[in-house]
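Spelled out, the chains give:
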Amino acid sequence: MAADHGGGAAAPLLAFDGFRVGFPRGPAVRGIDLAVGRGEALGIVGESGSGKSVTWLAALGLLGGSARISGRATFDGQDLAAMAPDRLARLRGGRIAMIFQDPMSALNPVKRVGSQVAEVLKLHRGLAGRAARAETRRLFDQVGIPDAARRTELYPHELSGGQNQRVAIAMALAGHPDLLVADEPTTALDVTIQAQILTLLDDLRRDLGMALVLISHDLSVVGELCDRIAVCYAGRIVETAPVAQLLRAPAHPYTQGLIGAAPRFGARALVPIPGQVPEPWNMPPGCAFAPRCLHARADCAAAEPPLVPVGDPGHLSACLLSGGTGAAALREETRHAPA
Amino acid sequence: MTAFLLRRVLRALLTILIVVAAAFVALRTTSDPAIVVLGPDAPPEAIAAFHEAWGLDRPLWVQFGSYMRDLVHGNFGKSMLDGQDALEKVLDRVAVTLQIMVPALVLGIMAGVGAGTVAALNRGRPLDRLMMLGAVSGFAVPGFVLGLVLVLVFAVTLQWLPSGGNDSWKGTLLPVLTLATGWAAILARFTRSAMIEVLDQPYIRTGSAKGLIWREVVIRHAMPNAAIPVVTMIGFMVGGLLAGAVVTESVFSWPGLGQLIVTSVSSRDVAVVQCVLVLVAATMVMSNMIVDLLYGWLDPRMREGGR
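None of the values given here were measured: they were computed from a predicted structure.

Q: Teacher, can you tell me more about the sheet that holds strand E5 (residues 78–79) of chain A here?
A: Note: strands within a sheet are paired through backbone hydrogen bonds, in either parallel or antiparallel orientation. Residues and elements named next belong to chain A. Pairing within the open sheet is antiparallel, and its four strands lie in the order E2-E1-E4-E5. Because the sheet does not close on itself, it has two edges, and the strands there are strand E2 (26–36) and E5. In terms of strand pairing, strand E4 (residues 68–75) meets E5 through two bridges, oriented antiparallel. Looking at the pairing, Phe-75 lines up with Gln-78 of E5.

This is the structure in structure tokens:
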């Protein structure tokens, strides 16, 4: 079953099965099936409000009490939703680490960055005192912070955004994670710094053999780093495929729209996707993308299309039009310029 | 750091000097202590003798000069009413005032900060509403009303506690409760909003993401940040500690500094009033200075500017 939605033949490291997250005002995640394999780099792409971050925050117990979770999220065979809060807490920062968008505000402003990293070392590896300081310096070196010994003694406001994000990465690595979830890790940074951070994440993943989930609204960021991409729309996965496959032959009109809307070098007009992601309390019937879709037909509103294989192995799409020959026709129809 | 401290101390001394000068002029120009002390029917010779004895016949700036000279030597002058040393008289009362102020402050801080934190952690739930209802009520009811109600209930009706005076430890309970309620109410609301703001910050989520359980996140990451504005507020309270009990002391006839202020101002006992003012101003200025220092200690972002 898990192999159906990717993640390789071996048991996946983390798997979502019919995972749902509801808020008092409506559902934010409406049934996600997804798996991350050991050492895999998976990209999650979608507009803001598509539920791409909420899925992970909810699974790790990082949303407030108002979130209602149903379905399953299993990590290494353990159901995260059924886990006692304290046990789930100890999994975070240990086997599953997370980094967030704005590194400046994600670090505690009144604590030295070194001690914030050391806190993880104490918590998950039992290191304290001299050993913790030495390991913190080693981690700072590993994430490319120069002059580590001095920098560990500084406060977040004394470091740049890029350096703070490196600190956050060091903090994530401190617990020896099997999985690193990076939620828009470069969105708040300058372009040149973005590239550095992404390269760092890529190198670390290869060196340490950990799995990486890279959540981003930017298809090009995800395309660079990941083995496989899952496209999120209105709380569901609408398409998932290996990176090359997805970028070369997107099957879902939304994915095609995302690629068309992404700025690229070379003279090509951007094609925006009209409208916006529907609010959770205002979901259209059937396919949630249908109201914005150029190819929508009458039966699109009848039922939510399931995520089904389309042609190549590991390529799934949730669109009535993208199965079999329909996909090719659809691509032909939407191709704005040679890719 | 030393330069910073020195600058602060000089500024503090200047503030105290201004307070002393303003009070000196105001007290000596608004009415004649001789008439207040000796009575309106006193013969002119007696008044003249009184003036000469206390140096009131000299020009104002000469009087101020000699007053300041004495002050520098730690001499606050003598009470015009009974000739007692002003400083001694004031310090006696300070000790009595602190008997209710210190326990009230400790109680107020514990109750206020505790309630505010609990309310923030239960934001929007019934417990939060209940705590804030209590805080708003405590804030809205003036101290003298609350004091009188407490007297009515515990002294008059139940007869468990004395209605005033400092004859036994029981006498401290009602004034302490009255003062603590006001402070706790202010601090509860202040702590709640500071805490709520901090709990919404991304670094709180980072704390959870690194594996801390919620209680640890609150203690290690939320509280140190929320403490910054709360400490400021407590600093202001400590600053107003000595002068803050005038009303409460009157209600419970507590023979502290507040009562001394009332009697010495109305009898134009200038040396005593001046002494009280210097002391009150000094506590205010000192506590502000301590808050500034604490601020830099609590919040590393404030350090560069101060040094």
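Once you've had a look at it, read on.
Q: Help me understand helix H11 (residues 253–261) of chain A in this model?
A: Note: α-helices contain 3.6 residues per turn, so residues at a spacing of three or four share the same orientation. Summarising burial for H11 of chain A: eight of the nine residues are buried, a large majority. Pro-253, Tyr-254, Thr-255, Gln-256, Gly-257, Leu-258, Ile-259 and Gly-260 of chain A are the residues of H11 of chain A that are buried.

Q: Help me understand the domain arrangement of chain B in this model?
A: How big an interface is tends to be stated in terms of accessible area lost as the parts join. Residues and elements named next belong to chain B. The domains assigned to chain B are domain 1 (2–72) and domain 2 (88–306). The distance between the C-alpha centroids of domain 1 and domain 2 comes to 33 Å. For the side of domain 1 that touches domain 2, the leading source of residues is helix H1 (residues 2–30), giving 11 residues. Taken together, the residues of the side of domain 1 that touches domain 2 sort by class into 11 nonpolar, two polar and two charged.

Q: Help me understand the environment of Val-45 of chain A, please; the structure alone is not making it clear to me.
A: Residue and element names in this part refer to chain A. Note on placement: Val-45 falls in strand E3 (residues 41–45). Once the C-alpha coordinates of Val-45 and Leu-258 are considered, the two residues, 213 residues apart in sequence, prove to be 9.3 Å apart. Excluding anything up to four places from it in sequence, Val-45 contacts Ser-216, His-217, Leu-219, Val-222, Ile-229, Val-231, Cys-232 and Leu-258.

Q: Explain the pairing of strand E1 (residues 14–23) of chain A here, please?
A: Walk down a regular strand and you will see the side chains alternate between the two sheet faces. Residues and elements named next belong to chain A. Pairing analysis gives seven bridges linking E1 to E4, with the strands arranged antiparallel. When the bridges of E4 are listed, Asp-17 appears paired with Arg-72. The pairing of E1 with E2 spans eight bridges and is classified as antiparallel. Following the sheet pairing, Phe-16 is matched in E2 by Leu-34.

Q: Looking at this model, I keep getting lost on the interface of chain B and chain A. Mind explaining?
A: Taken together, the contacts link 18 residues of chain B with 24 residues of chain A. Of all elements in the fold, only helix H9 (202–209) and helix H10 (214–239) of chain B reach the threshold of two or more residues within the side of chain B that touches chain A. For the side of chain B that touches chain A, the class distribution of residues is eight nonpolar, six polar and four charged.

Q: Whenever I open this one, unusual backbone geometry confuses me. Can you help?
A: Of all residues except glycine, most have a negative phi; of all peptide bonds, most are trans. Residues and elements named next belong to chain A. Even without being glycine, Asp-76 reaches a positive phi, approximately 50 degrees. Topologically, Asp-76 is positioned in the loop between E4 and E5. Exposure remark for Asp-76: the 16 C-beta atoms within 10 Å place this residue in the partly exposed category. Here Ala-234, not a glycine, exhibits a phi torsion of approximately 50 degrees, which is positive. For Ala-234, the position within the fold is in the loop between strand E9 (228–233) and strand E10 (236–242).

Q: Mind showing me how you'd approach the packing of H10 of chain B against helix H13 (residues 270–298) of chain B here?
A: Helix-helix packing: each pair is described by the crossing angle between the helix axes and the interaxial distance. Residues and elements named next belong to chain B. For the pair H10 and H13, the least separation of the axes is 8 Å and the interaxial angle reads 170 degrees. Classed by the angle they form, the pair H10 and H13 counts as roughly antiparallel. Contacts from Pro-224, Ala-227, Ile-228, Val-231, Thr-232, Gly-235, Val-238 and Gly-239 of H10 reach H13 at Thr-283, Met-284, Ser-287, Asn-288, Ile-290, Val-291, Leu-294, Tyr-295 and Leu-298. Counted by class, the contact of H10 with H13 contains 11 nonpolar, six polar and no charged residues.

Q: Any chance you could explain the nonpolar core here in plain terms?
A: Across soluble globular proteins, nonpolar side chains show a tendency to be buried alongside one another. Counting residues in hydrophobic clusters, the biggest one holds 169 residues, and the most contacted among them are Val-117, Ala-170, Leu-179, Val-213 and Val-231 of chain A together with Leu-187 and Val-276 of chain B. Ranked by residues supplied to this core, first place goes to helix H8 (residues 170–199) of chain B with 14 residues. When near neighbours in sequence (up to four residues on either side) are disregarded, Val-117 of chain A contacts Thr-136, Leu-139, Val-167, Ala-170, Met-171 and Ala-174 of chain A.

Cut-off values and rules
- Residues numbered from 1 in each chain as written.
- Chains lettered and ligands numbered in written order.
- Predicted model: local features only at pLDDT ≥ 70, side-chain atom pairs only at ≥ 80, totals over all residues.
- Pairing = 2+ DSSP bridges.
- Helix = DSSP H or I, 4+ residues; strand = E, 2+ residues; numbered from the N terminus.
- Buried ≥ 20, exposed ≤ 12 C-beta atoms within 10 Å, placed from the backbone.
- Domains from an automatic or database assignment.
- Nonpolar A, V, L, I, M, F, W, Y, C, P; charged D, E, K, R; others polar.
- Contact = placed C-beta atoms within 7 Å.
- Axes fitted to C-alpha atoms, helices over the stretch in contact; angles between N-to-C directions.
- Parallel < 35°, antiparallel > 145°, perpendicular 65-115°, else oblique.
- Core = buried A, V, L, I, M, F, W, Y, C linked by C-beta atoms within 7 Å.

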